[in-house]
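Close look at the chain arrangement
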Amino acid sequence: MPEPTITQDRAQIQRRTIALLSLAQVFSGVGTGVVVSVGSLLAVDLSGSEALAGSVTTVMTLGAAFASVAISRVAFARGRRPALVSGLAAAALGTLVIVLAAMLGSFALLVLGGALMGFGNAVNLQARFAATDLSEVHHRGRDLGLVVWMSTVGAVAGPNLIGVGESVSGALGIPALSGIFVIAAAGMLVAMAVLWVGLRPDPYLVATSGHTGSPAHAGFRAGLRSLLDRPQARAAFIAILGAHAVMVGVMSMTPVHMSHHDASINLVGLTVSLHIAGMYALSPIMGMLTDRLGGTPMATAGLLASAVAALLAGFSGGSFVVTMAGLILLGLGWSAATIAGASMIVSAIPTAERVSAQGTADSMMSLAGAAGGALAGVALAAVGFEGLGVAGAIIGLACLVAVLAAARTNSARLAA
């Protein structure tokens, strides 16, 4: 039977929830853009090796993998509000650890700070699922996309605050590349205040207030079973993993590639900003298209775009215009695949199992990104940016085929 339409009171809570999550995303999103644009450069400076350029992105995504499960457990037990706020607190601490790393010249502290900042990434991911706790069935993609969209402001602003960060560095007497992380810390703290004060009543607690009982098991394994046992959820899972691995791998090495062609730090920041705009700016449209066309068509379109983008960026050489075009398309492909995939997971999995499945999906998504970031640095050193682009395209197309196979299995089950 179809799920019931939410009541007017729940609809009012949902509108308030979307507004608060969106506002928090604006401020917390600054940290994402900062790590993408400056993290790889700081890693090279402190380690002295380009092979470690992707290390900050890698540890951040590993941190997000752990944090996603931890945050989902807190959400299951106590609600979205304490879960999201605690994650932002850890991320704020991480930004300050990175500042200390730059001051002391410590690569080890940089790695620790990046891992803690992964909690902020996990919060940004979980916020999109929090947006669907009280959604009507046919508006899930739209609501999810709206919250993802609001990450655009902070995430795009982050790389373009490099100049302001240098001014902050000068005022505080800290290394030039570290000042921008002070700005990121302030953003995290504002986002914490918004959610802690405003997210009442808690959307997850309202959504589950009429349910009796609880899953026999909660956590990573239970979530993985929920994702793999249902073909629609499995297709969504594959799409999310593939799109994220390709995106992180290509994106994290682009600043290093551009520096090889003597690009200025401001041009690198602009390129990363345009990429992040591609990831987030059209999120509401991606969500509405998912509601209208279905998750599978949008997920496969996203994977195809990711594959083409990897090749375009990989073979851009010294043409920064082509590099930008590839990074924008890479962001758009990620947006389509991940929004469609998240909506498919919510639709395919019963309410009692969703939080565990969502935490597991986000955890594995972060691990896929970590693998992409780690291998991308090695690939850049071994086969160059062109070889990295080819590898990204192969991964994207392989995942596309797997998504279509899972979708066919789901169709066969429904027809049986």
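Keep in mind it's a predicted model, so treat the numbers as computed, not measured. (Residues numbered from 1 in each chain as written. Predicted model: local features only at pLDDT ≥ 70, side-chain atom pairs only at ≥ 80, totals over all residues. Heavy atoms only, no water.)

In terms of helices and strands, the chain carries 15 helices and zero strands. With the C-alpha coordinates aligned to their principal axes, the bounding extent of the chain is approximately 60 × 45 × 35 Å. Long-range pairs, those at least 24 residues apart, make up 84% of the contacts in the chain between residues at least 6 apart in sequence. Looking at the chain as shown, the accessible area adds up to about 15,300 Å², and 68% of this sits on carbon and sulfur atoms. Of note, the chain has its 19 positive side-chain charges centred 12 Å away from the centre of its 15 negative side-chain charges. (Helix = DSSP H or I, 4+ residues; strand = E, 2+ residues; numbered from the N terminus. Contact = heavy atoms within 4.5 Å. Areas by Shrake-Rupley, 256 points an atom, 1.4 Å probe, with all protein chains shown as cover. Lys, Arg positive; Asp, Glu negative; His and termini not counted. Charge placed at Lys NZ, Arg CZ, Asp CG, Glu CD.)

Attention shifts here to the nonpolar core. If you look at the biggest cluster of nonpolar residues, it comprises 63 residues, and the most contacted ones within it are Leu227 and Leu330. Listing elements by their share of this core, those giving two or more residues are α4 (107-130), α5 (140-157), α10 (231-260), α11 (265-280), α13 (295-314), α14 (320-348) and α15 (351-415). Beyond its immediate stretch of four places on either side in the chain, Leu227 contacts Ala233, Arg234, Phe237, Ile345, Ile349, Ala357, Thr360 and Ala361. (Core = buried A, V, L, I, M, F, W, Y, C linked by side-chain atoms within 4.5 Å. Buried < 20%, exposed > 50% of the residue type's maximum accessible area, 1.4 Å probe, protein only.)

We now examine the packing of aromatic side chains. A complete count under the given rule lists two aromatic pairs for this structure. Aromatic side chains Phe66 and Phe119 sit 6.2 Å apart centroid to centroid with 70° between the ring planes, which places their arrangement in the edge-to-face category. Taken together, the residues Phe66 in helix α2 (residues 55-78) and Phe119 in helix α4 connect sequence positions 53 residues apart. Between Tyr280 and Trp334, the aromatic rings sit 5.7 Å apart at their centres with planes inclined by 85°, giving edge-to-face as the arrangement. With a gap of 54 residues between them, Tyr280 in helix α11 and Trp334 in helix α14 connect regions that are remote in the sequence. Across the pair, Trp334 and Tyr280 agree in class, each one buried. Here Arg81 stacks its cationic end above the ring of Trp196, 3.7 Å away from the centre of that ring. If you follow Arg200 out to its NZ or CZ, it ends over the ring of Trp196, 5.9 Å from the centre. (Phe/Tyr/Trp six-rings, centres within 6.5 Å; stacked < 30°, edge-to-face > 60°. Lys NZ or Arg CZ within 6 Å of the ring centre and 35° of its normal.)

Glancing now at the confidence of the model for the chain. Summary statistics for the chain give a mean pLDDT of 86 and a share of 93% for residues scoring 70 or more. Across residues 1-5 the pLDDT falls below 50, and counting only partners more than four positions away or on other chains, this stretch makes four contacts in the model. (pLDDT = per-residue confidence, 0-100.)

It is worth spelling out the side chain of Asp362 at this point. Note that Asp362 resides in helix α15. A distance of 3.0 Å separates a polar atom in the side chain of Asp362 from a polar atom in the side chain of Arg128. When near neighbours in sequence (up to four residues on either side) are disregarded, Asp362 contacts Ser68, Leu125, Gln126, Arg128 and Phe129. (Polar contact = N/O pair within 3.5 Å; in protein donor to acceptor, adjacent residues only side chain to side chain.)

Enumeration over the complete set of coordinates arrives at four salt bridges. Measuring nitrogen to oxygen at the nearest pair gives 2.8 Å for the salt bridge that ties Asp133 to Arg80. With Asp133 in the loop between α4 and α5 and Arg80 in helix α3 (residues 80-104), the pair connects residues that are 53 residues apart, well separated along the chain. Like Asp133, the residue Arg80 is buried in the burial classification. Among the salt bridges present, the one from Arg142 reaches Asp143, with a minimum N-O distance of 3.0 Å. According to the relative accessible area criterion, Arg142 is partly exposed, its value standing at 30%. (Salt bridge = Lys/Arg side-chain N within 4 Å of Asp/Glu carboxyl O.)

With that out of the way, let us pick up helix α9 (residues 220-229). Of the residues making up α9, those classed as buried are Ala222, Gly223, Ser226 and Leu227. The buried residues of α9 all sit within an arc of 135° when viewed along its axis, so they share a single face. On its buried face, α9 sits against α10, α14 and α15. (Arc of directions from axis to C-beta.)

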